[in-house]
Amino acid sequence: MAKQKLALIGNGMAGVRCIEEILKIQPERFEVTVFGSESHPNYDRIQLSNVLQGATTIDDITINDWNWYKENNITLFSGETVTNIDTTKQIIYSDANREVQYDQLILATGSIPFILPIKGADKKGVTAFRNIEDCEKMIEYSKNNKKAAVIGGGLLGLEAARGLLNLGMQVDVIHLSEYLMDRQLDPTAGKMLQRELESQGMNFHLGKQTQEVLGEIGVKGLRFSDGEEISADLVVMAVGIKPNVQMAQNCGIPVNRGIIVDDYMETRIPNIYAVGECAEHREMVYGLVAPLYEQGKVLAKRICELDGKAYEGSVLSTKLKVSGVDVFSAGEIFEDEKAKSIKEFNEWNGTYKKVMIRNGKISGAVLFGDTKESNNLLSMINKNADVSEYLKVGTSGEPSVSLVASMSHEEIVCGCNGVTKGDIVTAIESNGLTSIEEVKGCTNASRSCGGCKPLVADILELTLGAEFSELNQKESICACTTLSRDEVVAEIREKNLTHTREVMNVLGWNTSDGCSKCKPALNYYLGMIHPVEYEDEKESRYVNERLHANIQKDGTFSVVPRMYGGVTNPDQLRKIANVADKYNVKLLKVTGGQRIDLFGVDKEDLPKVWADLDMPSGYAYGKTLRTVKTCVGENFCRFGTQDSIGLGIALEKKFERVGTPHKVKMAVSACPRNCAESGIKDLGVVGVDGAWEIYIGGNGGTHLRAAELLCKVKTSDEVIEITGAYIQHYRETANYLERTSVWVERVGFDTIKTIIGDKQKRIELNQRLDEALSVLQEPWKEIIESNAIQTGLFQKVKIPAISNK
Amino acid sequence: MGKTLQKIKVSTVNEMPKNLGKTVTIGYYEIALFHLANGEFRAIENRCPHKGGVLVEGIVSGDHVFCPMHDWKISVKNGEVQKPDNGCVKTFNVEIEDGNVYIVL
Ligand SMILES: Cc1cc2nc3c(=O)[nH]c(=O)nc-3n(C[C@H](O)[C@H](O)[C@H](O)COP(=O)(O)OP(=O)(O)OC[C@H]3O[C@@H](n4cnc5c(N)ncnc54)[C@H](O)[C@@H]3O)c2cc1C
Ligand code: SF4
Ligand code: FES
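The name that an unreviewed UniProt entry assigns to chain B is Nitrite reductase, with the source organism given as Peribacillus simplex NBRC 15720 = DSM 1321.

Going by the annotation in an unreviewed UniProt entry, the name recorded for chain A is Nitrite reductase large subunit, with Peribacillus simplex NBRC 15720 = DSM 1321 given as the source organism. Per its UniProt entry, chain A bears the Sequence similarities (unreviewed entry) comment "Belongs to the nitrite and sulfite reductase 4Fe-4S domain family." Here chain A is described in UniProt, under the heading Pathway (unreviewed entry), as follows: "Nitrogen metabolism; nitrate reduction (assimilation)."

What follows is the structure, encoded as structure tokens:
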């Protein structure tokens, strides 16, 4: 029997998802033809935000590549637009003059971005944010332009704005409403969001209506209805979308706002269906993938003529994909006479929670700052749970695993891909899956927005029990091995291994020479274990540490001499100034660590620069103690209670050069005003009257973390002893490239406190550290004195242009 | 007619520590010359296809160099960027004779 002809118009997320579902049910039944206006295979539109924000690349967001179409015998006409359908003869016509006969036809034409009908909206430099081309255009613009304006402070606008910031542009966001994401958030959450995004560098114009795009040919700026103008080189319109229905309408398919469909996604014309953003179901048009995927599932069954549940509409839930901002919203969000709310607002922590209740049932929620509860709340909203159920879970404070345990097998875990808890459990059990990646590969869960990852992890844990936590802890150090850091370190000690190559050979690495992750890690572990015997491998070090200077974007280097405790003198300053002149240093900058950075030195000049400076290396490039920042202290400051400079210098002199898993920063302040920022350092010391407080595990970098008070001691000698034990314990137990802030959280602050608090352990740790310190040499000096290193590492070969006779 | 190839002496085997690169400029070419762990020499263009990182400073493992800027993995044998990234850098032939290293241009 000839196969039935199934055609799909719209090679996007909803349509192709539906085809996938059909192939799952009856892979042989149809001869499938797909038309897509875009010249790309089916890709994950959601991830365009992440592409713009630099978290992934366009190449990585393909869902089904060209091969997939081939393997499944799907005829794909990409870059081709359907212009007409003869709904009686059942023929599709495309703009490439193609005619294709169908038995069943799915319309999944998505939506088109809404462009404000204002003057100048057609100027060069105005773009929407919908497809790969838009995304590429913004990236391209950011290279030569500084100022971007995003019109629309909704989900899409904010994600675009964040991306443009990441691309190095200044960003103004213009929004009609008085607060952001006004369709998903209430004013409280909207304002909190605004504050957070302002701190990330966005600039907002709220309650503003854009009237005109200014500029001759290209965009120059915007004018608002109140007459105010701002300048801009790029304008992104993210003010909404409208269902793409023109073509369907022209062919006589009944359309309201979207193409009208029933509970089985059937249009009013026989054998024609619609799914996705172009479809209108019970007067709703959905603009998020979770509902579209649900529709796809229902339609797949319908097309395969299987009995299935009807589609009854979806609850909308939203998450903002901007790093550092956790926002969640689902269901209804505004109180009225009948709908009441439970609110928790913690201004101090910056968290807000609102749970909506209608007729005693959970009907919606808004979370800001902490979205751990989002999956749980969404599932309650979906099943219309009683408020008592929410209060039960809410107050018991049970860990999240029990939430997963209480979920039924039919409940959806991954909204984007419509994967239920049952699907995941079955996949884990029947395929022996052990990681989130495997579950993703097998079930599609967390393939799109990734919001359900924590839930998937919980299900893995629940299904595999103790086995999982074991597997989970066993994170291998890189893809070349299955061994974890602890196993590798134990084997090195036990088998007395002494070279990186030996470790790789003996421990069965699956590459013969390792990679850029394991080579430096092994080099560090070997050095930590055999501090005196091990010969450091230059080739296993990252360039900065190999050449003892920081590589810059253009391949030149920057040099930071030591200035103990941030103290300098006229002599040093003169020397630095002379060197800067002599070698045409491009930039002199005072660093955050109170030192002077000389930028733009050529690799070959480095040894000469160091010789002329005649100062010790500041190790601004190393996984080691960077600086000890100090405040002014008792000798000059009217608040100072202690000699912070003296202690800072002593710490820096004592601990400089020793290798650590990651960089280590310290600070000493002489009173709780904390001018040296001791509260966000790997080790911070704060002087109080007659004592020093020692704080650990702080970080001012990507993961801002306040240091915790380890202890209070009387003398500077005690500070040095505690610091030594702390550094050594960190050296011995942290993963390579793990900052103390992460290490303290992983190992546990209390555990560390107990070990450092133990006098005997403290002595042993300090002994081992002293041994490691004893063999270290000033690297710049070593290089200046060695011709071999200079030729091997620093010299370049230059041959003038060759003649080609 | 193609142009005649030239052999240009750029270094000696002894001067080149293993698993490290040396920057060689010949006219307007900037080349990263590598001495691999297995004793072979390889030469590729000293510019990462991603954002122009200097490949000569990368960590060398087997037949690959990891760009020091954003860690792209590039074959020093055929210049191909390894998945998931895409691209290619130019390669140059290297010959060894009497302990001398030549690049053939
Ligand atoms: C930047 C961005 C971020 C997003 N983030 C999220 C998110 O975090 N979570 C979420 O749930 N949703 C998100 N969305 C929304 C989500 O991507 C869409 O809801 C979803 O892609 C809609 O799927 P669809 O198949 O209906 O439409 P589309 O994916 O747009 O597919 C429609 C396709 O049909 C083609 N087409 C149209 N007409 C024709 C024709 N006549 N002939 C041939 N081809 C035609 C179009 O070219 C298009 O490729 C985001 C969207 C964007 C743009
Ligand atoms: S931390 Fe205290 S002592 Fe130090 S400079 Fe600031 S105010 Fe003065
Ligand atoms: S420049 Fe080489 S990886 Fe980015």
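*Asks:* Explain the overall build of chain B to me, and be specific about the residues and the numbers.
*Replies:* A tally of regular secondary structure across chain B gives 0 helices and 9 strands. Secondary structure elements of chain B, listed N to C terminal, follow the sequence β-β-β-β-β-β-β-β-β. Scored against the burial criterion, the 105 residues of chain B give a buried share of 52%. Total accessible area on chain B is roughly 4800 Å²; 45% of this is exposed by carbon and sulfur atoms.

*Asks:* Before we move on, can you summarise the site of ligand 1 with the specific residues and values?
*Replies:* All names here are of chain A. Around ligand 1 there are 32 residues in total, and Ala14, Glu38, Arg130, Glu277 and Lys321 lie nearest to it. Between an oxygen atom of ligand 1 and a side-chain N or O atom of Glu38, the distance comes to 2.7 Å. Within the side chain of Asn244, a nitrogen or oxygen atom sits 3.3 Å from a nitrogen atom of ligand 1. For ligand 1, whose free accessible area comes to 1000 Å², the fraction covered by protein is 92%. Among the elements of the structure, α1 (13-25), β2 (30-36) and α8 (289-303) are those that each provide at least two residues to the shell around ligand 1. The element best represented in the shell around ligand 1 is α1, accounting for 3 residues. Residue composition of the shell around ligand 1, grouped by class: 13 nonpolar, 13 polar and 6 charged.

*Asks:* Which residues make up helix α14 (residues 453-464) of chain A, and what values do they have?
*Replies:* Residue and element names in this part refer to chain A. Helix length check: α14 (12 residues) gives 16 Å between terminal C-alpha atoms against 16 Å at 1.5 Å per residue, within 8%. Those residues of α14 lying buried are Leu455, Val456, Ala457, Asp458, Ile459, Leu460 and Leu464. Two residues or fewer past α14, Gly465 is found with a positive phi of approximately 65°.

*Asks:* Go over the packing of aromatic side chains, please, and point to the residues and values.
*Replies:* Aromatic rings considered in pairs are described by the distance between their centres and by the relative angle of their planes. Using the criterion set out here, one finds 13 aromatic pairs over all chains in the structure. Between Phe35 of chain A and Phe77 of chain A, the aromatic rings sit 5.2 Å apart at their centres with planes inclined by 35°, giving tilted as the arrangement. Here Phe35 of chain A, found in strand β2, pairs with Phe77 of chain A, found in strand β3 (residues 75-78); they are 42 residues apart in sequence, far enough to count as distant. Of the residues examined, Phe35 of chain A reaches a relative accessible area of 1% and is grouped as buried. Plain terms: the ring middles of Trp610 of chain A and Phe794 of chain A are 5.7 Å apart, the flat faces sit at 85° to each other, and that makes the pair edge-to-face. Here the residue Trp610 of chain A occupies a position in helix α21 (residues 606-613), and Phe794 of chain A occupies one in helix α28 (residues 787-794), the gap between them amounting to 184 residues. Using a relative accessible area of 2% as the deciding quantity, one classes Phe794 of chain A as buried. Of the aromatic side chains, those joined through ring pairs into one cluster are Tyr524, Tyr525 and Tyr736 of chain A. Of note, Arg673 of chain A hangs over the ring of Phe639 of chain A, and the distance from its end group to the ring centre comes to 3.5 Å. Cation over ring: Lys7 of chain B sits above Tyr102 of chain B, and NZ or CZ is 4.9 Å from the ring centre.

*Asks:* Provide a residue-level description of the sheet that holds strand β24 (residues 351-358) of chain A, including the pertinent values.
*Replies:* Residues and elements named next belong to chain A. Within the open sheet, the 5 strands sit side by side as β21-β22-β25-β24-β23. Their pairing is antiparallel. Across the chains shown, the open sheet's two edge strands, defined by having one partner strand only, are β21 (317-319) and β23 (339-346). Along the sheet, successive strands turn relative to each other by an average axial angle of 15°, direction set aside. Bridge count for β23 against β24 is 8 bridges, and the pairing is antiparallel. Residue pairing in the sheet places Ala339 in a bridge with Arg358 of β24. Sheet contacts for helix α9 (residues 374-382): β21, β22 (327-331), β24 and β25 (361-368); angle to β25, the most-contacted strand, approximately 155°.

*Asks:* Please set out the nonpolar core residue by residue, giving values where relevant.
*Replies:* Residues and elements named next belong to chain A. Residues Ile19, Ile22, Ile85, Leu105, Ile106, Leu107 and Ile259 are the most contacted members of the largest nonpolar core, which totals 52 residues. With 6 residues, α1 is the single largest residue contributor to this core. In terms of nonpolar packing, the next biggest core, distinct from the first, is built from 41 residues, Tyr141, Ala160, Met192 and Leu197 among them.

*Asks:* Break down the site of ligand 2 for me, with residues and values.
*Replies:* All residues in the neighbourhood of ligand 2 are listed as Cys631, Val632, Gly633, Cys637, Phe639, Gly640, Ser669, Ala670, Cys671, Arg673, Asn674 and Cys675 of chain A. Each residue belonging to the shell around ligand 2 can be placed in one class, and the counts come to 7 nonpolar, 4 polar and 1 charged.

*Asks:* Hey, could you go over the packing of helix α12 (residues 421-431) of chain A against helix α13 (residues 436-443) of chain A for me, with residue numbers and the actual values?
*Replies:* Residue and element names in this part refer to chain A. Two elements in contact, α12 and α13, have axes whose closest approach is 10 Å; the angle formed by their N-to-C orientations is 110°. Overall, the two elements α12 and α13 adopt an arrangement that is roughly perpendicular. Within the contact between the two elements, α12 uses Asp423, Ile424, Ala427, Ile428 and Asn431 and α13 uses Val439, Cys442 and Thr443. Residue classes in the contact of α12 with α13 are distributed as 5 nonpolar, 2 polar and 1 charged.

*Asks:* Give me the lowdown on the confidence of the model for chain B, citing residues and values where you can.
*Replies:* Residue and element names in this part refer to chain B. Scored by pLDDT, chain B comes out at a mean of 90, with 95% of its residues at no less than 70. Looking over chain B, one finds the lowest element-wise mean pLDDT in strand β1 (residues 7-12), namely 92, and the highest in strand β4 (residues 41-45), namely 96. Here the predicted complex carries an ipTM of 0.91, next to a pTM of 0.55.

*Asks:* Hey, could you go over the environment of Arg302 of chain A for me, with residue numbers and the actual values?
*Replies:* Residues and elements named next belong to chain A. Here Arg302 shows up in helix α8. In sequence terms Arg302 and Ile22 are 280 residues apart; their C-alpha atoms lie 9.5 Å from each other. Excluding anything up to four places from it in sequence, Arg302 contacts Tyr264, Glu266 and Tyr273. A distance of 2.5 Å separates polar atoms of two side chains, one belonging to Arg302 and the other to Glu266.

*Asks:* Tell me what's going on with the environment of Arg541 of chain A, and back it up with residues and numbers.
*Replies:* Mapped onto the fold, Arg541 of chain A is located in the loop between α18 (518-529) and α19 (543-547). Residue Arg541 of chain A is classed as partly exposed on the basis of its relative accessible area, which comes to 24%. Once the C-alpha coordinates of Arg541 of chain A and Ser516 of chain A are considered, the two residues, 25 residues apart in sequence, prove to be 8.8 Å apart. Not counting residues up to four positions away in its chain, the partners in contact with Arg541 of chain A are Asn523, Asp536 and Arg546 of chain A together with Ile59 of chain B. Looking at Arg541 of chain A, its side chain comes within polar contact range of the side chain of Asp536 of chain A, at 2.8 Å.

*Asks:* Break down the pairing of strand β33 (residues 664-669) of chain A for me, citing the residues and quoting the values.
*Replies:* All names here are of chain A. By the criterion of burial, β33 is predominantly enclosed, with 5 of the 6 residues buried. Sheet topology places strand β32 (residues 625-630) next to β33; 4 bridges connect them, and they run parallel. Each bridged residue has a counterpart across the sheet, and for Val628 the counterpart in β33 is Met666. Taken together, the 4 bridges between β33 and strand β34 (residues 683-688) define a ladder with parallel strand orientation.

What counts and how
Residues numbered from 1 in each chain as written. Chains lettered and ligands numbered in written order. Predicted model: local features only at pLDDT ≥ 70, side-chain atom pairs only at ≥ 80, totals over all residues. Heavy atoms only, no water. UniProt positions renumbered as here; feature names shortened; annotations may be inferred. Helix = DSSP H or I, 4+ residues; strand = E, 2+ residues; numbered from the N terminus. Buried < 20%, exposed > 50% of the residue type's maximum accessible area, 1.4 Å probe, protein only. Areas by Shrake-Rupley, 256 points an atom, 1.4 Å probe, with all protein chains shown as cover. Near = heavy atom within 4 Å. Polar contact = N/O pair within 3.5 Å; in protein donor to acceptor, adjacent residues only side chain to side chain. Nonpolar A, V, L, I, M, F, W, Y, C, P; charged D, E, K, R; others polar. Expected span 1.5 Å × (residues − 1). Phe/Tyr/Trp six-rings, centres within 6.5 Å; stacked < 30°, edge-to-face > 60°. Lys NZ or Arg CZ within 6 Å of the ring centre and 35° of its normal. Pairing = 2+ DSSP bridges. Axes fitted to C-alpha atoms, helices over the stretch in contact; angles between N-to-C directions. Contact = heavy atoms within 4.5 Å. Core = buried A, V, L, I, M, F, W, Y, C linked by side-chain atoms within 4.5 Å. Parallel < 35°, antiparallel > 145°, perpendicular 65-115°, else oblique. pLDDT = per-residue confidence, 0-100.

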